[in-house]
Protein chains: 2
Amino acid sequence: MQHSTQRSRRSFLQSAPLVAAGGLVACGQAEQQAAPAVQSQQRFKWKMVTTWPKDFPALGTGANNLAHSIEALSGGRLHVKVYGAGELVPASGVFDAVSGGTAEMGHGAAYYWKGKHEATQFFSAVPFGLNAAEINGWLRYGGGQSLWDELYADFNLRAFPVGNTGVQMGGWFNREINTLADFSGLVMRMPGLGGEVMRRLEVTVKALPGGEIFQALKTGAIDATEWVGPYNDLAFGLHQAAQYYYWPGWHEPGTALECMVNKQALGALPADLQAVVEYACQAANDDMLSEFTARNSQALKTLVDEHGVQLRRFPDELLAQIGKVSAEVVAEIAGQDPFSSRVYDSFDAFRKNSIAYTHISEQAYTQARALTFG
Amino acid sequence: MQHSTQRSRRSFLQSAPLVAAGGLVACGQAEQQAAPAVQSQQRFKWKMVTTWPKDFPALGTGANNLAHSIEALSGGRLHVKVYGAGELVPASGVFDAVSGGTAEMGHGAAYYWKGKHEATQFFSAVPFGLNAAEINGWLRYGGGQSLWDELYADFNLRAFPVGNTGVQMGGWFNREINTLADFSGLVMRMPGLGGEVMRRLEVTVKALPGGEIFQALKTGAIDATEWVGPYNDLAFGLHQAAQYYYWPGWHEPGTALECMVNKQALGALPADLQAVVEYACQAANDDMLSEFTARNSQALKTLVDEHGVQLRRFPDELLAQIGKVSAEVVAEIAGQDPFSSRVYDSFDAFRKNSIAYTHISEQAYTQARALTFG
């Protein structure tokens, strides 16, 4: 590559009023402005409630990293104290706590709030949806962020993408899965829309918190489970409770994490600290995917080489059948109300273009590389 | 996914002294410290020289966005003026200008500096190397950044990843390419290691600046060219000069952009502004890949639907042959000196693990999705 002279626009920043005020407008005016001395000395102490146990690998530590970066960027003027799930409010109470102002900031994933609105799920992960790069593209340059802002405004919140797990794994099974018939009668832990898809494939779906998965699988209370990917699954020891590790994770192809911020709390910050919150989230978004990418590939090697885990791929025909049911389940959300319909249409149009482009770029490249280096 | 209680470390931040000083150490001490009033009012004016024409799509505008974010994050205390290629120094002079202090900051890609050291190329793109997510994983959590720091310290520089193009396209051709014989005698524009690979496949390789590509291809001075991807290639009008658009871009599978900073200039900033530079780069790293992901998929649709471009895939056998030669070319860099050997070993080990993991995650997922939604 190298050079031309065309102009482009940065739709994400332009759609974000706080940066328009703090950044684009301020740019070039530095020499005329006096330093905002009073603002720059004012100190703020915020609480960040999270849906993760304290220091949970990559996700809880991601919340810690975000707080550290805000501290560093603000020179200590915005101090954020991180609370693990249950320390200030339970995991399920994070949304309400930030919406109501009990905490200024929350860290989790949007699909946890489907009880508030089904459309929240498009901003984290849907079966056969967007991968990590694609969901970031949709949010920042495809209209996704403004829809998210519109949805969360009703709850007195702003939300920012703050990390991504990448493609998750398809789950742990104690028997091989070759056809739909092998799913029938299985008792499996799988939350969310993926769980709904499995339910329609005659799987008995159980909702279990993470901390109970290992014991349930070990004792046979469940036959199968999904969790995240090699890094987190190894930490849970799931390889000690099931033999087959299936791929790919069709149900969560690039789960976006969210940082939500109470609107009044954000608005009360001076413009530079508003920018600190926004850009710290964007840096964290980059960092967490990097961590998952590196640690998952290392953990996979450990699982296979040291623990003898059997990797299995869902057969093509089965994946196509799961895909068909997934499309129905996701499209049903669109039918629930006009806003959900708009989100679905935007998401689905972006997915169509992404599939065509990913086919000739990432997908084709990784295939080609595997021919020689695999 | 959902929950556990394991600890992890953030190797990237820990290896970056400037944030250790400004961020991790400061965290939790906010209440004991007085605000550094003198520092926080001090203003800095920096120059950023770039290898791109001013406002060049996604790359030059990415440099502008970086300057805007630094302005916003610093509340105007660090003002960065962006210079297009040739405005202050030519594109090829960016490295020396920042190294020598003519400018405090530079924006380009590390492989432009292979004349300084061949190993620079590992920090941007190598044929059949790492994709965007993988190179970020290697840099931040796989030891890549500390090798980059070591290399650039000799030149009085710090470097930060500041964007990524994603997988590029394989190039524009005026005839179909089915076997190695079809390459023979072709005159093609392809820079860097990819160009060296093509040279060994009996292609006559020409180095042309971006601005001359269209005319050369249109007049038949060259038979083929690579550029970036659909977004940038459409802007150049390359579809008006060649019929076949080949994929995938084996030669640049996820080109990382770099921001380099003069070490003394960085060290002269107060800790919070040092953090501003680092985190602004990380946010920009996230942003540019999002922009390329969204705009490339849209531009591909335009190229095919509106301009009737013929998409062609390099055949498997040909890709495997190119891969073999690529492996030789890249491994030769390792033989040049002990440092290059260390970089190659680190990169290659990361690639091996990444190929295994990507095979069962991104690669498998995008294949599975195409079965139903393609």
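In this text, all values refer to a predicted model and were calculated from it rather than measured experimentally. (Residues numbered from 1 in each chain as written. Chains lettered and ligands numbered in written order. Predicted model: local features only at pLDDT ≥ 70, side-chain atom pairs only at ≥ 80, totals over all residues. Heavy atoms only, no water.)

J.: It is not clear to me how empty space enclosed by the protein should be interpreted in this structure. Could you clarify?
T.: Here the idea is plain: a probe the size of a water molecule rolls over the atoms and shows the empty space left. Under the criterion given, the structure shown has seven cavities of 30 Å³ or more. Approximately 550 Å³ is the volume found for the largest cavity. Around the largest cavity sit 40 residues that line it, and A133 and L289 of chain A together with A133, L289 and E362 of chain B are the ones nearest its centre. Considering only residue class, the lining of the largest cavity consists of 12 nonpolar, 22 polar and six charged. (1 Å grid on protein atoms, 1.4 Å probe; cavity = no way out; pocket = protein on both sides within 12 Å on 5 of 7 lines; lining within 4 Å. Points joined across faces, edges and corners; volume = space filled by probe spheres on them. Nonpolar A, V, L, I, M, F, W, Y, C, P; charged D, E, K, R; others polar.)

J.: Can you walk me through the packing of aromatic side chains in this structure?
T.: Two measures describe an aromatic ring pair: the distance that separates the ring centres and the angle between the ring planes. All names here are of chain A. Counted under the stated rule, the structure contains 48 aromatic pairs over all chains. When the centroid spacing of 4.6 Å and the interplanar angle of 15° are considered together, the rings of W227 and F236 count as stacked. A relative accessible area of 1% means that W227 is categorised as buried. (Phe/Tyr/Trp six-rings, centres within 6.5 Å; stacked < 30°, edge-to-face > 60°. Buried < 20%, exposed > 50% of the residue type's maximum accessible area, 1.4 Å probe, protein only.)

J.: What is the right way to look at the interface of chain A and chain B in this model?
T.: Where interface size is quoted, it is often the accessible area lost as the parts come together. Opposite the 137 residues of chain A that make contact, chain B presents 136 residues. Across the chain A/chain B interface, buried area totals approximately 11,300 Å², and carbon plus sulfur atoms make up 62% of it. Put simply, chain A and chain B have four salt bridges between them. The salt bridge partner of D286 of chain B is R140 of chain A, with a shortest N-O separation of 2.9 Å. The element contributing the most residues to the side of chain A that touches chain B is helix α13 (residues 271-306) of chain A, with 19 residues. (Contact = heavy atoms within 4.5 Å. Buried area = accessible area lost by both parts, 1.4 Å probe. Salt bridge = Lys/Arg side-chain N within 4 Å of Asp/Glu carboxyl O. Helix = DSSP H or I, 4+ residues; strand = E, 2+ residues; numbered from the N terminus.)

J.: Looking at this structure, I do not really get unusual backbone geometry. What am I missing?
T.: Generally, phi is negative for residues other than glycine and the peptide bonds are trans, each holding for most cases. Each neighbour pair has its own omega, and for W247 of chain A with P248 of chain A the value is -5°, a cis peptide bond. Checked against the element boundaries, P248 of chain A lands in the loop between β9 (244-247) and β10 (256-262). With a phi close to 65°, D55 of chain A is a non-glycine residue in the positive phi region. The residue D55 of chain A is located in the loop between β1 (44-50) and α4 (60-73) in this model. Even without a glycine there, the phi angle at E202 of chain B is positive, about 65°.

J.: Whenever I open this one, the sheet that holds strand β4 (residues 157-164) of chain A confuses me. Can you help?
T.: Note on sheets: strands pair through backbone hydrogen bonds, and any given pair is parallel or antiparallel. Residue and element names in this part refer to chain A. The sheet built from five strands is open, its strands ordered β2-β1-β3-β10-β4 with mixed pairing. One side of each edge strand has no neighbouring strand; the edge strands of this open sheet are β2 (78-83) and β4. Averaged over all neighbouring strand pairs, the angle between strand axes comes to 25°, with direction disregarded. One ladder, built from three bridges, connects β1 with strand β3 (residues 105-108); its direction is parallel. Along β3, the bridge assignment pairs V49 with G106. Each of β1, β2, β3, β4 and β10 touches α13; the most contacted strand, β4, lies at about 30° to it. (Pairing = 2+ DSSP bridges. Axes fitted to C-alpha atoms, helices over the stretch in contact; angles between N-to-C directions.)

J.: I would appreciate a short explanation of the side chain of D287 of chain A in the present structure.
T.: Structurally, D287 of chain A is set in helix α13. Within the structure, the side chain of D287 of chain A is placed 2.5 Å from the side chain of Y141 of chain B, a separation counted as a polar contact. (Polar contact = N/O pair within 3.5 Å; in protein donor to acceptor, adjacent residues only side chain to side chain.)

J.: What is the right way to look at the side chain of H79 of chain A in this model?
T.: Looking at the secondary structure, you find H79 of chain A in strand β2. At 2.8 Å, the side chain of H79 of chain A and the side chain of E71 of chain A are in polar contact.

J.: Help me understand the packing of helix α16 (residues 362-373) of chain A against helix α15 (residues 338-360) of chain B in this model?
T.: To describe two helices that pack against each other, one gives the angle between their axes and the distance between the axes. Two elements in contact, α16 of chain A and α15 of chain B, have axes whose closest approach is 11 Å; the angle formed by their N-to-C orientations is 125°. One finds that α16 of chain A runs oblique with respect to α15 of chain B. Crossing geometry of α16 of chain A relative to α15 of chain B is assigned as left-handed. Contact residues: α16 of chain A offers T366, R369 and F373 of chain A, while α15 of chain B offers R351, S354, I355 and T358 of chain B. A breakdown of the residues in the contact of α16 of chain A with α15 of chain B according to their chemical character gives two nonpolar, three polar and two charged. (Parallel < 35°, antiparallel > 145°, perpendicular 65-115°, else oblique. Left-handed = near helix turned anticlockwise from the far one by under 90°.)

J.: What is the right way to look at the nonpolar core in this model?
T.: Within soluble globular proteins, side chains that are nonpolar tend to cluster in buried spots. Grouped together as the largest cluster of nonpolar side chains are 126 residues, with contacts concentrated most on W46 of chain A together with W46 of chain B. Other than its neighbours up to four places away in sequence, W46 of chain A contacts L78, H79, V80, K81, E104, M105, V261, A265, L266, L269 and V277 of chain A. (Core = buried A, V, L, I, M, F, W, Y, C linked by side-chain atoms within 4.5 Å.)

J.: Can you walk me through the sheet that holds strand β11 (residues 310-313) of chain A in this structure?
T.: Residue and element names in this part refer to chain A. A sheet is described by the order of its strands in space; here six strands give the open sequence β7-β6-β8-β5-β9-β11, paired in mixed fashion. Whereas interior strands pair on both sides, the edge strands pair on one side only; in this sheet they are β7 (204-206) and β11. Summarising the sheet, β9 and β11 pair through four bridges and their orientation is parallel. Residue pairing across strands places W247 opposite R313, the latter belonging to β11.

J.: Can you help me understand the relation of the copies chain A and chain B in this one?
T.: The transform that puts chain A on chain B rotates by 180° and translates by 0.0 Å along the axis, for an RMSD of 0.0 Å. This pairing of chains is accounted for by a two-fold axis. Within chain A, the C-alpha atom positioned nearest to the axis of rotation is that of A283 of chain A, 2.1 Å from it. The fraction of interface residues of chain A whose copies in chain B are also interface residues reaches 99%, indicating that both copies meet through the same surface. (Least-squares fit on C-alpha atoms with pLDDT ≥ 70 in both.)

J.: Help me out: how do you make sense of the pattern of salt bridges in this one?
T.: Pairs can form between side chains of opposite charge once their charged atoms are near each other. Under the definition given, this model contains 34 salt bridges over all chains. E196 of chain B is paired through a salt bridge with R200 of chain B; the nearest N and O atoms lie 2.9 Å apart. Here the residue E196 of chain B and the residue R200 of chain B both occupy positions in helix α9 (residues 192-200), the gap between them amounting to four residues, near one helical turn. Taking the relative accessible area as the measure of exposure, E196 of chain B reaches 24% and is therefore partly exposed. What makes R200 of chain B partly exposed here is its relative accessible area of 35%. As a salt-bridge pair, D305 of chain B and K301 of chain B come within 3.2 Å of each other at their nearest N and O atoms. Of this pair, D305 of chain B and K301 of chain B both sit in helix α13 (residues 271-306), four residues apart, roughly one helical turn. Through salt bridges with shared partners, a single ionic network connects E196, R199, R200 and E332 of chain A.

J.: Which parts of the structure should I look at to understand the pairing of strand β1 (residues 44-50) of chain B?
T.: Here is the key point about a regular strand: its side chains alternate between the two faces of the sheet. All names here are of chain B. In terms of burial, β1 is a largely internal element, five of the seven residues being buried. Of the strand pairs in this sheet, β1 and strand β2 (residues 78-83) are connected by six bridges, and their pairing is parallel. Bridge pairing in β2 links M48 to V82. Regarding the hand of the β-α-β motif, the stretch spanning β1, helix α4 (residues 60-73) and β2 is right-handed. (Right-handed = clockwise from strand over helix to strand, strands pointing away.)

J.: Would you mind showing me how to read helix α14 (residues 316-334) of chain B here?
T.: An α-helical turn contains 3.6 residues, so a residue and the one three or four places further along point in the same direction. Taking 1.5 Å of rise per residue, the 19 residues of α14 of chain B would be expected to cover 27 Å, and the 27 Å separating its terminal C-alpha atoms lies within 8% of that figure. For α14 of chain B, the elements touching its buried residues are α16 of chain A together with α8 (180-183), α9, β11 (310-313) and α15 of chain B. (Expected span 1.5 Å × (residues − 1).)

J.: Got a minute to help me understand the pairing of strand β10 (residues 256-262) of chain B in this structure?
T.: All names here are of chain B. For β10, the tally of buried residues reaches seven of seven residues, placing the bulk of the element in the interior. Residues A256, E258, M260 and N262 line one face of β10 and the alternating positions L257, C259 and V261 line the opposite face, and both faces are buried. When strand β3 (residues 105-108) meets β10, the two strands line up antiparallel, connected through four bridges. The partner of G108 across the bridge, within β10, is E258. Looking at chain direction, strand β4 (residues 157-164) and β10 are connected through six bridges and run antiparallel. Within the sheet, the bridge partner assigned to A159 lies in β10 and is M260.

So, to be careful, I would describe these as geometric facts and stop short of saying anything about function.
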